[in-house]
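# Examining the three-dimensional arrangement
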Amino acid sequence: MGTSIDAAATTAERRQVRGRTTIALEMARDGGWRATQDGVDVVGRGETAALAAADYCRRVEEADE
């Protein structure tokens, strides 16, 4: 399944990057995952890296409210 270069360019033009960040994902000894970020006192946890990152994002959003 190919991707059209024109379609990819159009999609990229619609996005505006405001900033970037890195979420550190670490596998715990029990097999679960932790998501953290330097300078943020929030930890996300989950059975997979994706679930830990999602939990982290939810907790950051809740802390901002």
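Nothing here was measured: the structure is a model prediction, and the numbers come from that model. (Residues numbered from 1 in each chain as written. Predicted model: local features only at pLDDT ≥ 70, side-chain atom pairs only at ≥ 80, totals over all residues. Heavy atoms only, no water.)

### A few points about helix α2 (residues 49-64)
Under the convention used in this document: The helix count covers DSSP runs of H or I at least four residues long, the strand count covers runs of E at least two residues long, and both are numbered beginning at the N terminus. To estimate how far a helix should extend, the number of its residues minus one is multiplied by 1.5 Å. Categorising residues by exposure relies on relative accessible area from a 1.4 Å probe, with only protein chains included: less than 20% of the type maximum marks a residue as buried, more than 50% marks it as exposed, and the intermediate range marks it as partly exposed. It is the directions from the helix axis to the C-beta atoms that the arc portrays. Contacts are assigned to residue pairs that have any heavy atoms within 4.5 Å of one another.
In this model α2 runs 23 Å from its N-terminal to its C-terminal C-alpha over 16 residues, within 8% of the 22 Å that 1.5 Å per residue would give. Along α2, the positions that sit buried rather than exposed are Ala52, Asp55 and Tyr56. With its buried residues spanning 105° around the axis, α2 presents them on a single face. Opposite its buried face, α2 presents the exposed residues Ala50, Glu61 and Asp64, each directed more than 90 degrees away. Of the surrounding secondary structure, the elements contacted by the buried residues of α2 are β2 (33-37) and β3 (40-46).

### What about the pattern of salt bridges?
Opposite charge on two side chains permits pairing when their charged atoms draw close. We count it as follows: A carboxyl oxygen of Asp or Glu within 4 Å of a side-chain nitrogen of Lys or Arg is what we treat as a salt bridge.
Taken as a whole and judged by the stated rule, the model has three salt bridges. Glu26 is the partner of Arg34 in a salt bridge, and the nearest nitrogen-oxygen pair spans 3.4 Å. One salt bridge connects Asp55 with Arg59, and the closest N-O pair in it is separated by 2.8 Å. Separated by four residues within a single helix, Asp55 and Arg59 lie in helix α2, roughly one turn from each other. The exposure class assigned to Arg59 is partly exposed, which follows from its relative accessible area of 40%. When salt bridges that share partners are traced, they join Asp55, Arg58 and Arg59 into one network.

### Quick word on the confidence of the model for the chain
As a reminder of what qualifies: Confidence of the prediction at every residue is given by pLDDT, a number between 0 and 100.
Put simply, the chain has an average pLDDT of 86, and 80% of its residues get 70 or more. Confidence scores differ between elements of the chain, with helix α1 (residues 5-14) showing the lowest mean pLDDT of 60 and strand β1 (residues 24-27) the highest of 98.

### Concerning the pairing of β3
To be explicit about the condition: Whether two strands pair comes down to DSSP finding at least two bridges between them.
Relative to β3, β2 is paired through four bridges, and the arrangement is antiparallel. What sits directly across from Trp33, in β3, is Gly46. Connecting β2 to the next strand, β3, in antiparallel fashion are two residues, including Gly39 with a positive phi near 80°.

### Let's talk about the pairing of β1
Bridge count between β1 and β2: four bridges; the pairing is antiparallel. What sits directly across from Glu26, in β2, is Arg34.

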